[in-house]
Amino acid sequence: MKPTDRRGALRAGATAALAGALAAACGTEPRPDPASRRPGATPGAVPGTAPAAAPAVAPAPRRFPGLPAEIDHGPRDRPRVALTFHGQGDPALARTLLGQAEQAGARVTVLAVGSWLDEHPGMARRILDGGHDLGNHTQHHTDINAMTEAEAHAEIEACATRLRRLTGSVGTWFRPSRTRQAAPAVLRAAHRAGYPHTLSYDVDSLDFTSPGAAAIVRNVTGPVRPGSVVSLHFGYPDTAAALPLLLTDLDRRGLRAVTTTELLT
């Protein structure tokens, strides 16, 4: 698709996509059948059917030699940016955001909260099947910098356990909760849990304050530059309204939205 065609499609679809997400948000996600909770059962499996094939193992964390323990941006000499989402909230909005990104040919990074994955286990595979990065954003999304190193490790490891059970991997990235930068104890705890780097960001959309779609777009497009890592969130309707506009603006600037792994590779 030509860039101009892509921008037109995004603008035309933005309102419809948001309306669909909000309508879906009024419902509830079906609960797994109790039979699927048996040891060894596949989450969401239909009783009486043959078990599904085990999913392919998801990518594992990578070490990037020469990069710091905490990464907040990628190379500045390539026209790429990473849109990263804190993964919790209404799964209908999450699916809308993922679909919007995929329609534009973009790939994102999702840092999932473990308790959210407990409630919506199918989201892990949905994220990976879309070609996106999936990582760890702690089990309970509390202030991890206020914890002892042992407590922080337990929070990180609990989410890693969920990811491993659902995907075969602890995920590609760890992002600390309730903070932009991790304390030294949290960096050590994350390393012990198998993450060579933690993932921060250099552009904050402030979408969690619900400032409106136009403000979110301005908050990103003002400071964004090649190599930027942008902080966004699932669960906020303003973000779903803003994302097609944001992707259009990035495309106009010649910036491609890629996974964080691709940004650094």
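Look a little higher up for the structure.
Attention in this report is confined to the structure presented alongside it.

Definitions and limits used
- Residues numbered from 1 in each chain as written.
- Predicted model: local features only at pLDDT ≥ 70, side-chain atom pairs only at ≥ 80, totals over all residues.
- Heavy atoms only, no water.
- Helix = DSSP H or I, 4+ residues; strand = E, 2+ residues; numbered from the N terminus.
- Contact = heavy atoms within 4.5 Å.
- Salt bridge = Lys/Arg side-chain N within 4 Å of Asp/Glu carboxyl O.
- Buried < 20%, exposed > 50% of the residue type's maximum accessible area, 1.4 Å probe, protein only.
- Pairing = 2+ DSSP bridges.

### Some words on the side chain of threonine 198
At step 1: On the secondary structure map, threonine 198 appears in strand E5 (residues 198-199).
At step 2: Contact partners of threonine 198, with chain neighbours within four places excluded, come to Ala69, Glu70, Ile71, Phe174, Pro176, Leu187 and Ala190.

### Topic: the pattern of salt bridges
At step 1: For the structure shown, the criterion picks out ten salt bridges.
At step 2: Across the salt bridge formed by arginine 125 and aspartate 129, the nearest N and O atoms sit 3.8 Å from each other. In this pair, arginine 125 and aspartate 129 are both assigned in helix H4 (residues 122-129), four residues apart and thus about one turn of the helix distant.
At step 3: Accessibility expressed as a relative area gives 24% for arginine 125, which makes it partly exposed.

### Topic: the pairing of strand E4 (residues 133-136)
It is a general feature of regular strands that their side chains alternate between the two faces of the sheet.
At step 1: Going residue by residue along E4, you find Asp133 and Gly135 tucked away on one face and Leu134 and Asn136 tucked away on the opposite face as well.
At step 2: In this structure, strand E3 (residues 109-112) lies alongside E4, joined through four bridges in parallel fashion. Opposite threonine 109, over in E4, you have aspartate 133 as the bridge partner.

So yeah, pure geometry; function would need other evidence.
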